[in-house]
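Survey of secondary and tertiary structure
Listed below are the residues making up each chain.
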Amino acid sequence: MESKRQQKMASLLQQELAAVLQRDLPHLFGGGLAPSISAVKVTPDLGQARVYLSLLLGNDAADRLEIIKDNAKEIRHALAKRIRQTARVVPELIFFHDDSAAYAAHMDQVLGTLDIPPAPKDSNENDDDDKPARPRLFN
């Protein structure tokens, strides 16, 4: 369970990293769309941050992740410029591909192809005429 301090730092990092990737370092992506940051997990000593990136568009997710990992030092430096007034130490950034959205889309497709027969009609479910009258509890 994360402490409040970890949660605050993770939230700050998520917001500022998104701004860094979209505004400060768009040249890393060749003018393409910057990845979105789906989650950030910070260690208790705030020394490391695991950054989960959603690389939905394009089939070259592995290549884009490698570009980000290769430029992690530059990204950390740009992040440090943004949060120097708020954080004393900028954590080491470790980037991971978050494929939960792709997995959810795949599961949606699989569930859409299933042939599920309708539930059998229960004989007591919609037969209002055949039901006995409820006993009155109060006069």
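Residues numbered from 1 in each chain as written. Predicted model: local features only at pLDDT ≥ 70, side-chain atom pairs only at ≥ 80, totals over all residues. Heavy atoms only, no water.

Labelled according to an unreviewed UniProt entry, the protein appears under the name Ribosome-binding factor A, originating from Hymenobacter monticola. The Subunit (unreviewed entry) comment attached to the protein in UniProt states, word for word, "Monomer. Binds 30S ribosomal subunits, but not 50S ribosomal subunits or 70S ribosomes." (UniProt positions renumbered as here; feature names shortened; annotations may be inferred.)

Our focus in this paragraph is the sheet that holds strand S2 (residues 48-54). Read across the sheet, three strands follow the order S1-S2-S3 without closing on themselves; strand pairing throughout is mixed. The open sheet has two edge strands, strand S1 (36-42) and strand S3 (92-97), and neither has a second partner. Going across the sheet, the axis of each strand differs from the next one's by a mean of 25°, ignoring polarity. As paired elements, S2 and S3 share six bridges and run parallel to each other. Residue pairing for S3: Arg50 is matched across the bridge by Ile94. Set on the sheet, helix H1 (residues 4-24) makes contact with S1, S2 and S3; between it and S1 the angle comes to about 150°. (Pairing = 2+ DSSP bridges. Helix = DSSP H or I, 4+ residues; strand = E, 2+ residues; numbered from the N terminus. Axes fitted to C-alpha atoms, helices over the stretch in contact; angles between N-to-C directions. Contact = heavy atoms within 4.5 Å.)

What follows is about a negative patch on the surface. Together, Asp60, Asp63, Glu66 and Asp70 give the surface a local cluster of negative charge. Along the chain, the position of Asp60 falls in the loop between S2 and helix H2 (61-70). (Patch = residues over 30% accessible without salt bridge, like charges linked within 9 Å, V, L, I, M, F, W, Y side chains within 5 Å. Areas by Shrake-Rupley, 256 points an atom, 1.4 Å probe, with all protein chains shown as cover. Salt bridge = Lys/Arg side-chain N within 4 Å of Asp/Glu carboxyl O. Lys, Arg positive; Asp, Glu negative; His and termini not counted. Charge placed at Lys NZ, Arg CZ, Asp CG, Glu CD.)

In this section: a nonpolar patch on the surface. On the surface, Leu111, Leu114 and Ile116 cluster together into a nonpolar patch covering about 330 Å² of accessible area. Within the element layout of this structure, Leu111 appears in helix H4 (residues 100-113). Judged by its relative accessible area of 53%, Leu111 falls in the exposed class. (Buried < 20%, exposed > 50% of the residue type's maximum accessible area, 1.4 Å probe, protein only.)

The next subject is the packing of aromatic side chains. Within this structure, the stated rule accounts for one aromatic pair. For the ring pair Tyr52 and Phe96, a centre distance of 5.5 Å and an interplane angle of 25° mean the geometry is stacked. On the criterion of sequence distance, the pair formed by Tyr52 in strand S2 and Phe96 in strand S3 is long-range, its members being 44 residues apart. (Phe/Tyr/Trp six-rings, centres within 6.5 Å; stacked < 30°, edge-to-face > 60°.)

Another point: the side chain of Gln6. Positionally, Gln6 belongs in helix H1. Gln6 sits in the buried class, given a relative accessible area of 7%. The contacts of Gln6, once residues within four sequence positions are left out, are Met1, Val42, Thr43, Pro44 and Leu46.

Right, let's talk about the nonpolar core for a bit. Ranked by size, the top nonpolar core spans 31 residues in total, and within it Leu53, Ile75 and Phe95 carry the most contacts. When residues of this core are traced back to their parent elements, those giving at least two are H1, S1, S2, H2, helix H3 (72-83) and S3. Here the element with the most residues in this core is H1; it accounts for seven residues. Setting aside residues no more than four positions away along its own chain, Leu53 makes contact with Leu21, Pro35, Ser36, Ile37, Ser38, Leu65, Ile68, Phe95, Phe96, His97 and Asp98. (Core = buried A, V, L, I, M, F, W, Y, C linked by side-chain atoms within 4.5 Å.)

The next subject is the pattern of salt bridges. Applying the stated criterion to the full structure yields two salt bridges. A salt bridge links Glu16 to Arg82, with the nearest nitrogen and oxygen atoms 3.0 Å apart. Within this pair, whereas Glu16 is found in helix H1, its partner Arg82 is found in helix H3, the two being separated by 66 residues in sequence. For the salt bridge of Arg82 with Asp24, the shortest nitrogen-to-oxygen distance reads 3.0 Å. In this pair, Arg82 sits in helix H3 while Asp24 sits in helix H1, placing the two residues 58 residues apart along the sequence. Residue classification places Asp24 among the partly exposed residues on the basis of a relative accessible area of 35%. One salt-bridge network, in which partners are shared between bridges, spans Glu16, Asp24 and Arg82.

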